Amino acid sequence: MPSFNDAPTPQNTPASAAGSYMPKNASLDIPSTISENSELLKGMLANNPALLASIQAKLGELVGVDSGYFSSLPKKAKEGVYVLKTLQEKQYVIEAEFQADLLELERKYADKYKAIYEDRKKIVNGEVELKKEDIEHGKAVLEEELGDEEEEDGDENGNGNGNGNGNGNEDDDDAKENANVKGVPFFWLTAMQNLPPVADMISDRDVPVLEHLVDLRMEYMDKPGFKLIFEFSPNEYFKNKQIVKTYYYQKELGYTGEFVYDHAEGDEIQWTDNKHNVTVEIELRKQRNKHTKQVRTIEKTTPTYSFFNFFSPPSLPGNAANGDEGDEDDEFEEVDEELEAALQNDYS
């Protein structure tokens, strides 16, 4: 049976170091491998789980360990590796310059986008009068993208082919409907619900809150990093006008010259009360004093699934996280309401 020292080398180690660049008489100390075709070895491992576990543990210890490949190379081959490391270092310097230039380029075009995003915000929130030429141009672009599907649907339904009275009624209905419309209702909520990764984060309770989202934009910071700014209209849920999540990069570039993510911070959401806080569920519990039998009702909050955890991830379950310290003490015990109701019915 082979010893543990004969175990396979890590996967990134070549099975054979012999190559065309090596002299035929070069004698290399290459670690041997366990032959997977050995029926004897297979039988031993199958019938001895302890041995198999020991070998697997030994293999785990070998991950990242020097396989001896480089030390076994001839001097000239080692010198070639040294030169390759020099070239790699030069590449990283250029990569760092590229990343710095790329960041500046992104900032440059972010400034160019600002005017467009400001106009978008005004249109979405109904703050400007729409220009007829912009409407016609946008309609033409949309029809081209959809392949005139909307026009075909309109012809099938008889739109535009009715009598004069019918068109007049439709115009009146449109006028009444337009009088109550401001901008593009629920624009950002609809956009987020149609973006799969984000849509999965939105709960049913989040929807009425996100209906107040009036703008979403990104801003670069002076130092490497950026902000996602969510702007809301006044609402009954929280006091924040804006909720910002900031992403920070590390000061030093990564080994390959790229910016490395460090951490993110989210603004604290100033919920008006627990009832409107969609990141928690409220449970009312009754407790009875063990001595006086007096019953009191306490409010327990439990973190729940919500898009707004994006800004403030829920704390780990526990009394401190749920704000229960001081609410419960040794004199009070939980009251099972179903049991209370059953007892009341039994004695009534």
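All of these numbers come straight from a predicted model, not from anything done at the bench.

Focus: the layout of surface pockets
Stage number 1. By volume, the largest pocket is sized at about 830 Å³.
Stage number 2. If you go around the largest pocket, you meet 21 residues; those closest to its centre are I123, L130, K131, I135 and V184.
Stage number 3. Secondary structure elements with two or more residues in the lining of the largest pocket: helix 3 (75-124) and helix 4 (132-146).
Stage number 4. For the lining of the largest pocket, the class distribution of residues is 9 nonpolar, 3 polar and 9 charged.

With respect to helix 4
Stage number 1. Helix length check: helix 4, at 15 residues, gives a terminal C-alpha distance of 21 Å against a target of 21 Å (1.5 Å per residue), a fit within 8%.
Stage number 2. Phi for G147, located one or two positions after helix 4, is positive at around 70°.

Let's talk about the pattern of salt bridges
Stage number 1. Using the criterion set out here, one finds 6 salt bridges in the structure.
Stage number 2. For the salt bridge of K114 with D111, the shortest nitrogen-to-oxygen distance reads 3.8 Å. One end of the pair, K114, and the other, D111, are both in helix 3, 3 residues apart, so they sit about a helical turn from each other.
Stage number 3. The salt bridge partner of E219 is R217, with a shortest N-O separation of 3.8 Å.
Stage number 4. Salt bridges here are not isolated pairs; linked through shared partners, they connect K121, D215, R217, E219 and E231.

Describing unusual backbone geometry
Note on backbone geometry: most residues besides glycine have negative phi, and most peptide bonds are trans.
Stage number 1. Here F186, not a glycine, exhibits a phi torsion of approximately 55°, which is positive.
Stage number 2. Secondary-structure assignment places F186 in the loop between helix 6 (164-179) and helix 7 (187-193).

Details of the confidence of the model for the chain
Stage number 1. For the chain, the mean per-residue pLDDT works out to 75, and 65% of the residues sit at or above 70.
Stage number 2. When mean pLDDT is compared element by element in the chain, helix 9 (residues 206-210) scores highest at 97, while helix 10 (residues 337-347) scores lowest at 39.
Stage number 3. pLDDT under 50 marks residues 1-36. Its contacts with residues more than four places away, or in other chains, come to 39 contacts.
Stage number 4. Counting contacts from residues 313-328, a segment whose pLDDT is below 50, to residues more than four positions away or on other chains yields 21 contacts.

Basis of the calculations
Residues numbered from 1 in each chain as written. Predicted model: local features only at pLDDT ≥ 70, side-chain atom pairs only at ≥ 80, totals over all residues. Heavy atoms only, no water. 1 Å grid on protein atoms, 1.4 Å probe; cavity = no way out; pocket = protein on both sides within 12 Å on 5 of 7 lines; lining within 4 Å. Points joined across faces, edges and corners; volume = space filled by probe spheres on them. Helix = DSSP H or I, 4+ residues; strand = E, 2+ residues; numbered from the N terminus. Nonpolar A, V, L, I, M, F, W, Y, C, P; charged D, E, K, R; others polar. Expected span 1.5 Å × (residues − 1). Salt bridge = Lys/Arg side-chain N within 4 Å of Asp/Glu carboxyl O. pLDDT = per-residue confidence, 0-100. Contact = heavy atoms within 4.5 Å.

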